[in-house]
Amino acid sequence: MPRDRAAQFEVKKGLVKLFKAQCTLLREIDPDGIGKHIAASDINRYDALIAAGPNVRWPAGILPGLREGIRDAQFMLKSHFGPAKDYELVKRLRAAAESTIDNLEATDAKKLAAIVRLGRTRSEAEYHLVRSEIDRLEGNSSADREYLECLWVSA
């Protein structure tokens, strides 16, 4: 996360846009399943935080929870769309969230590399990041098994 409040605010706005786009897609593909749960949840609280501006401090746990929600939603979407339609999924999300996906993937990759180097997770957020990556890789038959093993050890 950047040090400058204005830059941090832009990152937060991008994350909220991405999550809302993911929720919209999930409601479209499964309106009677996950769509009902999303409709019942209060994702508008993020809009209120964004509307409050860059100088408002977000409550503890909201930003990590948002990142985790994004990872979970991405996993569900990729599971539904599958490799054949992955391009369509990414195209729709990029249209809504601009470069947020690239920034999030780059940040996650750096965090995962540090976790593998260290050989352990240091927080609950890191643990969930590793578990998410393990879930993603286990669903891919051509995944790097050595890297996957390192992730298992780190978790």
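The structure reproduced in this document is the subject of the present report. Keep in mind that what you see is a predicted model, and the values were worked out from it rather than measured.

### Points about the overall build of the protein
Secondary structure summary: the protein contains eight helices and zero strands in total. Element order for the protein, N to C, with α for helix and β for strand: α-α-α-α-α-α-α-α. Along the longest, intermediate and shortest principal axes, the C-alpha atoms of the protein span 45 × 40 × 25 Å. Per-residue burial for the protein yields a buried fraction of 34% across its 155 residues. Sequence-distant contacts, at least 24 apart, represent 58% of the contacts inside the protein between residues at least 6 apart. Of the accessible surface of the protein, which amounts to about 9400 Å², a share of 53% is contributed by carbon and sulfur atoms.

### Concerning helix H5 (residues 86-97)
Here H5 contains twelve residues, and its C-alpha end-to-end distance of 16 Å stays within 8% of the 16 Å for a straight helix at 1.5 Å per residue. Of the residues making up H5, those classed as buried are Leu 89, Leu 93 and Ala 97. Buried residues in H5, looked at end-on, bunch into an arc of 45°, giving them a common side. Turned more than 90 degrees off the buried face of H5, the exposed positions are Tyr 87, Lys 91 and Ala 95. Packing partners of the buried residues in H5 comprise helix H1 (5-29), helix H4 (62-81) and helix H6 (100-118). Among the residues trailing H5, Glu 98 stands out with phi positive, at a value near 50°.

### Some remarks on the packing of H4 against H5
Remark: H4 packs on H5, axes separated minimally by 9 Å, with the N-to-C direction vectors making an angle of 140°. In terms of their interaxial angle, H4 and H5 are classed as oblique. Like other packed secondary-structure pairs, H4 and H5 cross with a definite hand, here right-handed. Where H4 abuts H5, its residues Gln 74, Leu 77, Lys 78 and Phe 81 lie against Asp 86, Glu 88, Leu 89 and Leu 93. Here the residues of the contact of H4 with H5 are counted per class, giving four nonpolar, one polar and three charged.

### Focus: the nonpolar core
Core analysis: the largest hydrophobic core is formed by 27 residues, its most contacted members being Tyr 46, Trp 58, Leu 66 and Leu 93. Within the residue set of this core, elements represented by two or more residues are H1, helix H3 (44-51), H4, H5 and H6. With nine residues, the top contributor of residues to this core is H1. Sequence-distant contacts of Leu 93, defined by excluding residues within four places in its chain, comprise Leu 18, Ala 21, Gln 22, Leu 25, Gln 74, Leu 77, Glu 98 and Ile 101. Ranked by size, the runner-up nonpolar core spans nine residues in total, among them Leu 112, Val 130, Leu 137 and Ala 143.

### What to know about the packing of H1 against H5
One way to put it is that H1 packs onto H5 with a least axis distance of 8 Å and a crossing angle of 135°. When the axes of H1 and H5 are compared, the pair comes out oblique. Pair H1 / H5 crosses with right-handed handedness. Within the contact between the two elements, H1 uses Gly 14, Lys 17, Leu 18, Ala 21, Gln 22, Leu 25 and Glu 28 and H5 uses Leu 89, Arg 92, Leu 93, Ala 96 and Ala 97. A breakdown of the residues in the contact of H1 with H5 according to their chemical character gives seven nonpolar, two polar and three charged.

### A closer look at the environment of Leu 26
Position of Leu 26 relative to the elements: it lies in helix H1. When the C-alpha atoms of Leu 26 and Lys 36 are compared, they prove to be 9.8 Å apart, with ten residues separating the residues in sequence. Look past the residues within four positions of Leu 26 in its chain and what remains in contact with it is Ile 34, Gly 35, Ile 38, Ala 73, Met 76 and Leu 77.

What counts, and where the lines are drawn
- In this numbering scheme, every chain counts its residues from 1 along its sequence in written order.
- Where local features are concerned, this predicted model is filtered to residues with pLDDT of at least 70; where side-chain atom pairs are given and counted, the filter is 80 or more; whole-chain, interface and lining totals use all residues.
- Note: side-chain values were computed over all heavy atoms of the structure, leaving out hydrogens and water.
- Helix and strand definitions follow DSSP, with helices as H or I runs of at least four residues and strands as E runs of at least two, each counted in order from the N terminus.
- Think of it in three bands: with a 1.4 Å probe and only protein chains considered, a residue is buried below 20% of the maximum accessible area for its type, exposed above 50%, and partly exposed in between.
- Only heavy atoms matter for contacts: two residues are in contact if any of them lie within 4.5 Å across the pair.
- Using the Shrake-Rupley algorithm and a 1.4 Å probe, accessible areas are obtained, with residue cover drawn only from the displayed protein chains.
- To estimate how far a helix should extend, the number of its residues minus one is multiplied by 1.5 Å.
- As used here, the arc is the angular range of directions from the helix axis to the C-beta atoms.
- Under this scheme, a helix contributes an axis fitted over its contacting stretch, all axes are lines through C-alpha atoms, and angles between N-to-C directions fall in the 0 to 180 degree range.
- By definition in this entry, angles of less than 35 degrees are roughly parallel, angles greater than 145 are roughly antiparallel, angles of 65 to 115 are roughly perpendicular, and the rest are oblique.
- Working rule for handedness: look at the near helix, and if it is turned counterclockwise from the far one by less than a right angle, call the crossing left-handed; if clockwise, right-handed.
- Throughout this entry, Asp, Glu, Lys and Arg are counted as charged residues, while Ala, Val, Leu, Ile, Met, Phe, Trp, Tyr, Cys and Pro are counted as nonpolar. The remaining residues, Gly among them, count as polar.
- Throughout, nonpolar core names a set of buried Ala, Val, Leu, Ile, Met, Phe, Trp, Tyr and Cys residues whose side chains join them through atoms within 4.5 Å.

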